[in-house]
Amino acid sequence: MLEVRARPRLIALDWGTSNLRASLLGDDAIVLDARAAAGGVMAVPMGRFAQALLALCGNWIERYRVPLIASGMIGSRQGWVEAPYLECPAGLADAAVRLTSVPVAGDTVLRIVPGLHVVGSDGLDDVLRGEETQPWGADLAAGRCAVLPGTHSKWAWMGEGGEVTAFQTCMTGELFALLSQHSILGRLMRPGAASPQAFEQGVQLGLAESGQLLHALFANRTAGLMNRLPGEALSDHLSGLLIGAEIAGAQRRGVVEPLALIGDPALCDRYEVALGLAGLASSRVAEGATPRGLWRVAMAAGLLEDTSR
């Protein structure tokens, strides 16, 4: 049993496609305890979301009687209930008045943060579902650009008052998984030690040939066929190539330095190297941006009583 000295105030849930992460937060979004399970929306059988939530942190809910708030794919069409999309520009105050409530058990209610929608300068629709809480938790200044590496990498441009004014999604991580596991490129790949040099070569190729990406991708195979790279280095080369192409696309749209990197430390390491090769400065946002963002949305929504008096 957790020994809690600080008073628990909020249960914040990052509920994505593959995983469910729960944080028990005290004053100022201090994480008092954290739990995780492979209970993402695609892993919950027959829509038994309440049971999945209670299995992970039902004792928190029963013991502390604090509000619950969630962001992520749990609010998608495949999730518990579909939360609306807010049109950009949108900030946490806008999200706070558009929370979607769903009953859990008894009088316990879960509030789900809405996603964001934008039509880019290219006329294409784009959406955020969960990642919007991270730049809000990072408290980024107007004009900053946040880079959120992942299966679907996100680049978000910030405006006044913490508003997300625009963003774009790149399917970099998913494309890497598909190509390395289910295409001919993976046939020459072999497990082995990381190859920073091959990664950097891939980044440079992706930066230079982003407009010819479909052609440049085949160079990953020929690098193995012509013995320019060993099989153990091809995975890193492909990763660098895709990340380099992603960065080149964002550069064409326009970015303001330093870029704010938010997310998994290992992925941020890769992006930090790649951004440097592209001549772009970046800085890391401290871990915990998602629970901090959820805390701020909960505060703006009036879910947390004022304990300062």
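Residues numbered from 1 in each chain as written. Predicted model: local features only at pLDDT ≥ 70, side-chain atom pairs only at ≥ 80, totals over all residues. Heavy atoms only, no water.

**Remarks on the overall build of the protein**
Now for step 1: Within the protein, the secondary structure is distributed over 9 helices and 14 strands.
Now for step 2: For a compact globule of 309 residues, the expected C-alpha radius of gyration is about 19 Å, and the protein comes in at 21 Å, within 12% of that figure.
Now for step 3: Expressed along its principal axes, the backbone C-alpha trace of the protein runs to roughly 65 × 40 × 35 Å.
Now for step 4: Residues counted as buried form 49% of the 309 residues belonging to the protein.
Now for step 5: On the protein, roughly 14800 Å² of surface is accessible, and the fraction owed to carbon and sulfur atoms is 52%.
Now for step 6: Here the protein carries 25 positive and 31 negative side-chain charges, and the mean point of each set is 5 Å from the other. (Helix = DSSP H or I, 4+ residues; strand = E, 2+ residues; numbered from the N terminus. Rg over C-alpha atoms; globule rule 2.2 N^0.38 Å. Buried < 20%, exposed > 50% of the residue type's maximum accessible area, 1.4 Å probe, protein only. Areas by Shrake-Rupley, 256 points an atom, 1.4 Å probe, with all protein chains shown as cover. Lys, Arg positive; Asp, Glu negative; His and termini not counted. Charge placed at Lys NZ, Arg CZ, Asp CG, Glu CD.)

**So, helix H4 (residues 172–182)**
In an α-helix, one full turn covers 3.6 residues, which means residues spaced three or four apart are oriented alike.
Now for step 1: Of all the residues in H4, the buried ones are Thr172, Leu179 and Ser180. Taken end-on, H4 shows its buried residues confined to a sector of 90 degrees, consistent with a single buried face. The exposed residues of H4 that point more than 90 degrees off its buried face are Gln181 and His182.
Now for step 2: Each element contacted by the buried residues of H4 is listed here: strand E11 (153–158), strand E12 (164–170), helix H6 (213–225), helix H7 (234–253) and helix H8 (265–277). (Arc of directions from axis to C-beta. Contact = heavy atoms within 4.5 Å.)

**What about the packing of helix H5 (residues 196–208) against H8?**
Now for step 1: The N-to-C vectors of H5 and H8 enclose an angle of 50 degrees; their axes lie 10 Å apart at closest approach. One finds that H5 runs oblique with respect to H8. Here H5 and H8 pass one another in a crossing that is right-handed. Note on element contacts: H8 touches H5 through Arg270, Val273, Ala274 and Leu277, opposite Phe199, Glu200, Val203, Gln204 and Leu207.
Now for step 2: Classifying every residue of the contact of H5 with H8 by side-chain character gives 6 nonpolar, 1 polar and 2 charged. (Axes fitted to C-alpha atoms, helices over the stretch in contact; angles between N-to-C directions. Parallel < 35°, antiparallel > 145°, perpendicular 65-115°, else oblique. Left-handed = near helix turned anticlockwise from the far one by under 90°. Nonpolar A, V, L, I, M, F, W, Y, C, P; charged D, E, K, R; others polar.)

These figures capture arrangement, not role.
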